[in-house]
Amino acid sequence: MWQRGRVSAPRDVDLALVGGGGAGSLVLAALDRREVRGLRIAVLDPVRKRGQDRTWAFWGTPGTDLDPMLSASWSRVDVVTPAGRRVLPLAPLRYAMLRSAPVYARAAEAAERLGAVRIDAAVAGLDDDGAGVTVRDAEGGVLVRAGWVLDSRPRPPARPGRTSWLQHFRGWWVASDEPLFDPDRAVLMDFRTPQPARGVSFGYVLPVDERYALVEYTEFSPEPLTDAGYDAALRGYLGLLGLDPAALRVREVENGVIPMTDAPFPRRPSPRVVRLGTAGGATRPSTGFTFSAMRRQAEQVAAALAAGRPPVPRPAYPGRHRWMDAVALRALDRGLVGGPEFFQRLFDRNPAERVLRFLDGETSPVEDLAVMRSSPLLPMTSAVLGDAVGRLRAGLGRRGVFRRGRGAR
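Attention in this report is confined to the structure presented alongside it. Numbers given to residues run from 1 along each chain, matching the order in which its sequence is written. Confidence filtering applies because this is a predicted model: local features only for residues at pLDDT of at least 70, side-chain atom pairs given and counted only at 80 or more, and all residues used for totals across whole chains, interfaces and linings. With hydrogens and water stripped out, all remaining heavy atoms of the structure feed into the side-chain values.

Digging into unusual backbone geometry
Put simply, Ala91 and Pro92 share a cis peptide bond, and its omega is 10°. Each helix is a run of H or I in the DSSP string that is no shorter than four residues. Each strand is a run of E no shorter than two, and both are numbered from the N terminus. For Pro92, the location among the structural elements is in the loop between β7 (84-89) and β8 (94-99).

Structure (structure tokens):
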């Protein structure tokens, strides 16, 4: 059932999903797959998500519930630098591409089977009294009263980070009359693109078949480009691939901006409000990848609810990984290491599947040490010391603000 705006009387629900995008859709699908029944669920979003508004690329083992929805997958990927091309076997993992339309469609079917109420209203307030959450619209009206709220709306971090970059990109879905692409291999990172003065850039290619592929230009840097800047970069990358833009038809365009920062994203801002997705720390600070952690959050939420426990997922990444990300971001931002060299060393000195599992936050401490040894020693030592000083200064600054605030009362 889909309702517009405020319901006629406050509706009591057990679970309110605020945001019906990727994170909310994955939660609905996970609840349905575990056959969690008897929960009163509401989904609140001013826009009902459908169609191809984004593409997720991720790695994992084959044979999951996502397999029927994948547009393509690859057991080998290329990493390209000015020094040459490496073809990386990923077994037992694979790299996969998932478009949003089947994710949204499956979530809609799951919502119907779960008996969820959908309300197409923007949520402006979450009043948590410890026993439940009153969900309000922009006028202060009550939309629902929920036992728990899972909030996946994008939001800034709790405070600025010591390093704050963006993963920003534009991709063209291109079609050709002639076979131009190898559907058995994806280009994971191609660092032959001109590198920004402060940041890292690369292109990649995700072929669906010989004549159709997503070609994308990505930067890790502090500021996004203009539209003209992205288009020029994409035309330049097509040239590096030996492709003539005039011979290709651009069927769709995708854009995105994702935070890459060591700033904190509180997962539980109040007792009964839990944040998911980027707002809940699912975005990996050193790469901007989000999907795998977002899916883990959904599975953990569904498992907890199926067992009668609070729907609170574990942290998206181990604390040691968040520290390593902060150090890597600092080293890249201060120019202590070059981006292409940094990622080339990771893949040159580690099995590809270890690097990918590390980027997903699923490696052991022993494997993490191997990854750390792949980094240039002196620049990364400098970054570690700089990060420690930055943390100390930030901590002293927060305590100073706290003391001044107490003294003013």
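Moving on from the coordinates now.
Digging into the side chain of Thr163
Tracing the sequence through the fold places Thr163 in the loop between β12 (142-151) and β13 (164-175). Side-chain atoms alone can form a polar contact between residues adjacent in sequence; in general such a contact is a pair of N or O atoms within 3.5 Å, and within protein one must be able to donate a hydrogen while the other accepts it. Within the structure, Thr163 has its side chain in polar contact with the side chain of Arg334 (distance 3.0 Å). Contacts are assigned to residue pairs with any non-hydrogen atoms lying within 4.5 Å of each other. The contact partners of Thr163, leaving out residues within four places of it in the chain, are Met260, Thr261, Asp262, Leu329, Arg330, Asp333 and Arg334.

A look at the sheet that holds strand β4 (residues 55-60)
Neighbouring strands of a sheet are bound in pairs by backbone hydrogen bonds; such pairs are parallel or else antiparallel. For two strands to be treated as a pair, DSSP must find at least two bridges joining them. In space, the three strands of this open sheet follow the order β4-β8-β5, with antiparallel pairing throughout. Looking along the sheet, the strands with just one partner apiece sit at the ends: β4 and β5 (72-74). If you compare each strand with its neighbour and ignore which way they point, the axes differ by 20° on average. In terms of strand pairing, β4 meets β8 through six bridges, oriented antiparallel. Of the residues in β8, the one forming a bridge with Trp56 is Leu98. To get an axis, fit a line to the C-alpha atoms, keeping to the stretch in contact for a helix; angles then go from 0 to 180 degrees between the N-to-C directions. In the packing of helix α2 (residues 100-114) onto the sheet, the strands contacted are β4 and β8, and the crossing angle to β8 comes to about 65°.

Looking at the sheet that holds strand β15 (residues 200-209)
If you walk across this open sheet you meet the seven strands as β7-β6-β14-β15-β16-β13-β17, and the pairing is mixed. Either end of the sheet is taken by a strand with one partner, and the two such strands are β7 and β17 (249-261). Taking each pair of neighbouring strands and ignoring which way they run, the sheet shows an average axis angle of 20°. Of the strand pairs in this sheet, β13 and β17 are connected by 12 bridges, and their pairing is antiparallel. Counted as the bridge partner of Leu166 is Pro259 from β17. Where helix α5 (residues 319-333) meets the sheet, its contacts fall on β13, β15 and β17, and the angle it forms with β13 comes to roughly 80°.

Considering the pattern of salt bridges
The rule for a salt bridge is simple: a side-chain nitrogen of Lys or Arg has to be within 4 Å of a carboxyl oxygen of Asp or Glu. Overall, the coordinates contain 31 salt bridges when judged by the stated rule. Note that Arg198 and Asp333 form a salt bridge whose closest N and O atoms lie 2.7 Å from each other. Separated by 135 residues along the polypeptide, Arg198 in the loop between β14 (185-190) and β15 and Asp333 in helix α5 bring together distant segments of the chain. Throughout this description, buried means an accessible area under 20% of the type-specific maximum (1.4 Å probe, protein chains only), exposed means over 50%, and partly exposed covers the range between. The partly exposed category is assigned to Arg198, whose relative accessible area is 46%. Since its relative accessible area comes to 13%, Asp333 is described here as buried. Among the ionic contacts, a cluster of salt bridges with common partners joins Arg33, Asp65, Arg106, Arg295 and Glu299.

As for the packing of helix α1 (residues 22-33) against α2
The relative placement of two packed helices is expressed as an angle between their axes plus a distance between the axes. α2 packs onto α1 with a crossing angle of 50° between their chain directions and a minimal axis gap of 8 Å. Considering their axes alone, α1 and α2 lie oblique with respect to each other. Taken as a pair, α1 and α2 cross one another with a handedness that is left-handed. Here Gly22, Ser25, Leu26, Leu28, Ala29, Leu31, Asp32 and Arg33 of α1 come into contact with α2, specifically with Val103, Tyr104, Arg106, Ala107, Ala110, Ala111, Arg113 and Leu114. Gly is put with the polar residues, along with every residue not named as nonpolar or charged; the nonpolar set is Ala, Val, Leu, Ile, Met, Phe, Trp, Tyr, Cys and Pro, and the charged set is Asp, Glu, Lys and Arg. A breakdown of the residues in the contact of α1 with α2 according to their chemical character gives 10 nonpolar, two polar and four charged. Angular relationships are summarised with four words: roughly parallel below 35 degrees, roughly antiparallel beyond 145, roughly perpendicular across 65 to 115, and oblique for the angles in between. Helix crossings are classified by the rotation of the near helix relative to the far one: an anticlockwise turn of less than a right angle makes the crossing left-handed, while a clockwise turn makes it right-handed.

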